[in-house]
Amino acid sequence: ANYYPAALEALHSDLPLVLITADRPAKLRLTGANQTTIQSGMYPLIKFLDVSSQVPLPAIDGPLQLNIQFSEPLIESYDINWIENLEIFPTPPIEKLSEVLTIDIPTRTVVVIGHDKGGFAKLEIEKFITENKLIAISEDPLISRDIYPFASLTLGSISHGLDCEAVIVIGRVTLSRSINSFINRAKIKYIIDPKALKVDINRVGDGITDQLPKIKGEVDSDYRSLWERATSITRQFLNEQTKFSES
């Protein structure tokens, strides 16, 4: 039960995690034996192996519960050099599941970058924003100099005046009500996140891909000026406060 938070995080993040659970022999289950319950398969939607002897560990895509049954005597011999026999394998690269989208953006388009950045490197996203001269806001305030900071506060106070026609969401957005409301008000939504194709399969959008898209068109200069003025107002307000830090 103590593994549950890690198990859920691995499931929804599509991370390879082995959950090793120690169990009593299967013959003692449902017999009233002390400290015995049904542990195998106790994490819904997570694959499991219920083993009582040595078995090959399959390749995993996401989390796996390895439920190991122990029978007495628990220790027959002990090899202090066991760690030398461990093999460490590098994490395989993320498989791309879709074609690169080409998006003809409306003049009022904003990129919203979630806390996990969709698994993309910081430099990848920074290059995507700068080369396409996009308006971008991010839950990670340090991702790029080209994002508009304080977005959750700016959108919470100014709100509809900055509404966009299209939003490009990279990764998952977490708990900011103002940013989520901003996304929901957009007429067109694009989702850029590998997990949306494998884990978060019920996410909806006008286009869903696991790769950064190609961009056609450009953002209207007047709309960019609105963001600059709004951000400036928020910055001025925060400068008057003494204990605020976005980082």
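Note that the structure is a prediction, hence the values are computed from the model and not measured.

1. Considering the overall build of the protein
No. 1: Regarding its fold elements, the protein presents six helices and ten strands.
No. 2: Burial statistics for the protein: of 247 residues in total, 38% are counted as buried.
No. 3: Here the contacts in the protein between residues at least 6 apart in sequence split such that 64% fall between residues at least 24 apart.
No. 4: In the form shown here, the protein has an accessible surface area of approximately 15,800 Å², with 54% of it arising from carbon and sulfur atoms.

2. As for unusual backbone geometry
For residues that are not glycine, phi is negative in most cases, and the peptide bond is trans in most cases.
No. 1: Look at Leu 45: it is not a glycine, yet its phi comes out positive at around 75°.
No. 2: Within the secondary structure, Leu 45 is located in the loop between strand 1 (18–23) and strand 2 (47–51).
No. 3: On the accessibility criterion, Leu 45 (76% relative accessible area) is exposed.
No. 4: Despite not being glycine, Lys 133 shows a phi value in the positive range, around 55°.

3. A word on a nonpolar patch on the surface
No. 1: A contiguous nonpolar surface patch, about 250 Å² in accessible area, is contributed by Val 18, Ile 20 and Leu 57.
No. 2: With respect to the helices, strands and loops of the structure, Ile 20 is situated in strand 1.

4. So, the nonpolar core
Soluble globular proteins tend to bury their nonpolar side chains together.
No. 1: Grouped together as the largest cluster of nonpolar side chains are 40 residues, with contacts concentrated most on Val 110, Val 112, Ile 113, Ile 170 and Trp 227.
No. 2: For this core, the secondary structure elements donating two or more residues are strand 5 (109–113), helix 2 (122–132), strand 6 (135–138), helix 3 (151–157), strand 7 (166–170), helix 4 (177–185), strand 8 (188–192) and helix 6 (221–239).
No. 3: With sequence-adjacent residues up to four places away left out, Ile 113 is seen in contact with Ile 125, Ile 129, Ala 136, Ile 137, Ser 138, Glu 139, Ile 143, Ile 147 and Ile 170.
No. 4: The next biggest cluster of nonpolar side chains, apart from the first, holds five residues, and it includes Ala 7, Leu 11, Leu 19 and Ile 46.

5. So, helix 4
No. 1: Considered for burial, the residues of helix 4 that qualify are Ser 178, Ile 179, Phe 182 and Ile 183. The buried residues of helix 4 all sit within an arc of 135° when viewed along its axis, so they share a single face. In helix 4, the exposed positions that point more than 90 degrees away from the buried face belong to Arg 177 and Asn 184.
No. 2: The inward-facing, buried residues of helix 4 abut strand 5, helix 3, strand 7, strand 8 and helix 6.

6. Concerning the environment of Tyr 43
No. 1: Its location among the elements puts Tyr 43 in the loop between strand 1 and strand 2.
No. 2: Taking the relative accessible area as the measure of exposure, Tyr 43 reaches 2% and is therefore buried.
No. 3: Taking the C-alpha atoms as reference points, Tyr 43 and Tyr 3, separated by 40 residues in sequence, lie 9.4 Å from one another.
No. 4: Residues in contact with Tyr 43, not counting those within four places in the same chain, are Ala 1, Tyr 3, Tyr 4, Ala 7, Leu 19, Thr 21 and Gln 65.

Parameters at a glance
- Residues numbered from 1 in each chain as written.
- Predicted model: local features only at pLDDT ≥ 70, side-chain atom pairs only at ≥ 80, totals over all residues.
- Heavy atoms only, no water.
- Helix = DSSP H or I, 4+ residues; strand = E, 2+ residues; numbered from the N terminus.
- Buried < 20%, exposed > 50% of the residue type's maximum accessible area, 1.4 Å probe, protein only.
- Contact = heavy atoms within 4.5 Å.
- Areas by Shrake-Rupley, 256 points an atom, 1.4 Å probe, with all protein chains shown as cover.
- Patch = residues over 30% accessible without salt bridge, like charges linked within 9 Å, V, L, I, M, F, W, Y side chains within 5 Å.
- Salt bridge = Lys/Arg side-chain N within 4 Å of Asp/Glu carboxyl O.
- Core = buried A, V, L, I, M, F, W, Y, C linked by side-chain atoms within 4.5 Å.
- Arc of directions from axis to C-beta.

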